[in-house]
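One letter stands for each residue in the lines below.
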Amino acid sequence: MIRPTYAVFEHQLVAYRRTWRGSVLSSFLLPVLFLLAMGFTVGGYVDRAGGLSVRYVDFIAPGLLASTALQIAVGESTWPVYSGFKWHRMYHAMQATPVRVTDMVRGHIGYVLLRVGLSAAGFLVVMGLFGTLHSAWAPAALPVAVLVGLATAAPVFAYSASISTEGLFAVLLRVAVIPMTLFAGVFFPVGSLPLWARILAYVSPLWHGVELSRAATLGTATAWGVWAHLGYLAVWSVVGYLLATHRFRRRLAD
Amino acid sequence: MSVAEPLIAAHGLVKRFGDFTAVAGIDLEVRAGEAFGFLGPNGAGKSSTMRMIGCVSPPTGGTLRVLGMDPVRAGSAIRARLGVCPQQDSLDPELTVRENLIVYARYFGIPRKVARQRADELIEFVQLTERADDTVEPLSGGMKRRLTIARALVNEPAIVLLDEPTTGLDPQARHLVWERLFQLKQRGVTLVLTTHYMDEAEQLCDRLVVMDGGKIVAEGSPRQLIERYSTREVVELRFAEAALDTYVGKLEGIGERLELLPDRILLYAADGDLAVAAVADRALRPSSVLVRRSGLEDVFLHLTGRTLVD
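Every chain is numbered on its own, with residues counted from 1 as its sequence reads. In the order they appear in the text, chains get letters beginning with A and ligands get numbers beginning with 1. The predicted origin of the model limits local features to residues at a pLDDT of at least 70 and limits the giving and counting of side-chain atom pairs to 80 or more, whereas totals for whole chains, interfaces and linings rest on all residues. Excluding hydrogens and water, the side-chain values take into account all heavy atoms of the structure.

1. Observations concerning the interface of chain A and chain B
- For this analysis, residues touch if any pair of their heavy atoms sits within 4.5 Å. In this complex, chain A contributes 22 residues to the contact, which on the side of chain B involves 29 residues.
- In this assembly, chain A packs against chain B so that about 2,300 Å² is buried in total across both faces, 53% of it on carbon and sulfur atoms.
- A side-chain nitrogen of Lys or Arg and a carboxyl oxygen of Asp or Glu constitute a salt bridge if their distance falls within 4 Å. A salt bridge links R112 of chain B to E10 of chain A; the shortest N-O distance between them is 2.4 Å.
- Two N or O atoms form a polar contact when they lie within 3.5 Å of each other; inside protein one atom must be a possible hydrogen donor and the other a possible acceptor, and for residues adjacent in sequence the pair counts only when both atoms belong to side chains. Where chain A meets chain B, there are 10 residue pairs in polar contact (both at pLDDT 80 or more).
- Strands are runs of DSSP state E lasting at least two residues, helices are runs of H or I lasting at least four, and both sets are numbered from the N terminus onward. Elements represented by at least two residues in the side of chain A that touches chain B include exactly α1 (3–49) and α4 (90–95) of chain A.
- The greatest single-element share of the side of chain A that touches chain B, amounting to 10 residues, is contributed by α1 of chain A.
- The classification used treats Ala, Val, Leu, Ile, Met, Phe, Trp, Tyr, Cys and Pro as nonpolar, Asp, Glu, Lys and Arg as charged, and all other residues, Gly among them, as polar. For the side of chain A that touches chain B, the class distribution of residues is 12 nonpolar, four polar and six charged. The term buried area refers to how much accessible surface (probe radius 1.4 Å) is lost by two components on association, counted for both of them together.

2. Some thoughts on the pattern of salt bridges
All names here are of chain B.
- Per the stated rule, a full pass over the model turns up 28 salt bridges over all chains.
- For D70, the salt bridge is made with R73, and the minimal N-O distance between the two is 3.8 Å.
- Note on D70: relative accessible area 22%, which makes it partly exposed.
- Owing to a relative accessible area of 74%, R73 belongs among the exposed residues under this scheme. Only protein chains enter the accessibility calculation, which uses a 1.4 Å probe. A residue is then buried if its area is under 20% of the maximum for its type, exposed if over 50%, and partly exposed in between.

3. Side note on the environment of Q172 of chain B
- Structurally, Q172 of chain B is set in helix α6 (residues 171–186).
- Each C-alpha atom, one on Q172 of chain B and one on G142 of chain B, is 8.8 Å from the other, the two residues being 30 residues apart in sequence.

4. Points about unusual backbone geometry
All names here are of chain B.
- Even without glycine at this site, C55 takes up a positive phi of about 60 degrees.
- In this structure, C55 sits in the loop between α1 (46–53) and β4 (61–66).
- The exposure class assigned to C55 is buried, which follows from its relative accessible area of 9%.
- Phi is positive for E156, close to 50 degrees, though the residue is something other than glycine.
- As for its placement among the helices and strands, E156 is situated in the loop between α5 (141–152) and β6 (159–163).

5. Here we look at the packing of aromatic side chains
- Only rings of Phe, Tyr and Trp enter the pairing, Trp through its six-membered ring, and a pair is recorded when the two centres are within 6.5 Å. The plane angle decides the type: under 30 degrees is stacked, over 60 is edge-to-face, the rest tilted. Enumeration over the complete set of coordinates arrives at 22 aromatic pairs over all chains.
- Ring geometry for Y104 of chain B and Y107 of chain B: centres 5.8 Å apart, planes at 70 degrees, overall edge-to-face. With Y104 of chain B and Y107 of chain B both in helix α3 (residues 97–107), this residue pair falls three residues apart, about one helical turn. For the pair Y104 of chain B and Y107 of chain B, one class covers both residues: buried.
- In this structure an aromatic cluster arises from ring pairing among W79, Y82, W87 and F169 of chain A.
- R187 of chain B extends its terminal NZ or CZ atom over the ring of F125 of chain B, reaching a point 4.5 Å from the ring centre. As a reminder, the over-ring test applies to NZ of lysine and CZ of arginine, requiring each to be within 6 Å of the ring centre and within 35 degrees of the ring normal.

Put into structure tokens, the structure is as follows:
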């Protein structure tokens, strides 16, 4: 039954209608500024050194696209979910209605993916304007970004439903999000990392998203093959979703 | 479900959290059109019982039927026909009053057009018309409570569950809430509420159970309970001269019963004035004397030996 799931999604949309202006800065302008600053300024030095086979801006643009998807997915899956249990008690309100836990998780994650998709679409257009799209597969970077969003939002939903103090969000950022952003191949190829760091990059969902995203916009091959990366992201998504529904159930019980 | 079948029926209902027993085997029935109350201090097991009835917390033992269905197996179908006003607010503070109602109506699968129409009616019913398009955040506690009550009505429920509907409200806001609830009762809506306010129970409930330590210690209409467990009048005596307990022996024999509280002594008597005269005959000089009618507070004191609100 789709209806209650859609009602949960709709609730988020009603709220987004009031707050979308504020979110444009963080979910669109900031990543674009990053692309310009890193791609063209730092890129100038990198291209002169000649370490990459493509322009530096072309290299990092698809990486930034995937990491933007990660940032938005994490941002929308931390405080809003935590608040739904602890402050606004949105999930408790839903619990008293025919809405089930699976509806809550699906409907809310659905909204997070919409946010990821909107930002990714905007970012892709900017990438196009700056001439960083070099393949007919470029539009495929959009669903890839959404998949990165799902693979990270789902486990973060589980995390946010489990913690009882907001201080633990700082741990999530320091231990997972920031290292991933820095070392999962967004800004430089992971091949230049020592083996142990490379393994961490391979474990992270972001690296797989970056590989796919880069393959789409540059038309290059991926490290492990498209299906392996897609499958790995699917595993994070499914396991994350199952964990999330489990943690939601636990949190709302008694 | 036949007409005679109660809307809520519990037999030997138990709720345990680990080693702690919140509800220790209670029996109760609520019939259509009734205003039924759970009265008791914090921790008596009222909210745990309400959560079981609301199908959000499965019973640990005993049987429970709500609207003729099993809350564990048919939770979603039962919840579709319940209206719940929880103890803690769960409104979306970023949405407007109207949006909160519409969004909530959608959880019940109510079409958007009907939801909008009902939102308007309910906003008027709870007297929030002027604030309909304001966000909820800055509203007063009383307004939020009224909105929560309106929200509980959005699916035209068969039973409305209210968990301490006026706790934390100032007297004026409480009266406004009571007035609305009384109107619902007049319309024949079945109300089930918990409270630790005696006046609330007396005003709103046709029938109530007194809970203490997870058990039901008495059941009846407010009037029946007062008749059964208390006297018609009560004399409240305060003494300034010596410790209160030294007066207990001196007052013996006056009225039917005596309760010693930290700040005063209560004498239970059919005729308060006669009791006051008897106190004066014994040359005792209380610093203050108050004769009042017996209420549920006295019932509770008698049944549990404790006052309700400390």
